[in-house]
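# Analysis of the macromolecular model
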Amino acid sequence: GCSALHTLSLAENAITALLPASVAVAPLEVFAGSLSALHLAGNQLTSLHGLSAATSLTYLDVCRNRLSSLEGLECCTRLQVLHASANELVSPC
């Protein structure tokens, strides 16, 4: 299975939400504990809520989305690299 998946790219998929109700990212919860790199660039995300289970993330790319804040990353305490350019950021949290 995918329970030990470390890197996942969902870039350029027109994803609008990371919440479990989103069909495109529903499997994210299955391997969130082992996931260390997540590529979400070039989607249509307006929020990072839904990443709370991804506590092992060390790399996150959310460039070219529609984010106005980085709220939702509070549980990602191992995060070392964050790419968030080309968004609509007005507040860091």
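Analysis parameters
- Residues numbered from 1 in each chain as written.
- Predicted model: local features only at pLDDT ≥ 70, side-chain atom pairs only at ≥ 80, totals over all residues.
- Heavy atoms only, no water.
- Helix = DSSP H or I, 4+ residues; strand = E, 2+ residues; numbered from the N terminus.
- Buried < 20%, exposed > 50% of the residue type's maximum accessible area, 1.4 Å probe, protein only.
- Contact = heavy atoms within 4.5 Å.
- Disulfide = S-S within 2.5 Å.

Right, let's talk about the side chain of Ser-56 for a bit. With respect to the element layout, Ser-56 can be found in the loop between strand S2 (37-39) and strand S3 (59-61). Taking the relative accessible area as the measure of exposure, Ser-56 reaches 15% and is therefore buried. Setting aside residues up to four positions removed in sequence, Ser-56 forms contacts with Ala-32, Gly-33, Ser-34, Leu-35, Ser-36 and Arg-78.

Under the criterion given, the structure shown has zero disulfides. Among the cysteines around Cys-76, which has no disulfide bond, Cys-75 carries the closest sulfur, lying 6.9 Å off.

As for its placement among the helices and strands, Ala-84 is situated in the segment after strand S4 (81-83). Linking Ala-84 and Val-62, residues 22 residues apart in sequence, is a C-alpha distance of 5.0 Å. Residues within four places of Ala-84 in sequence aside, it is in contact with Val-62, Cys-63, Leu-70 and Leu-89.

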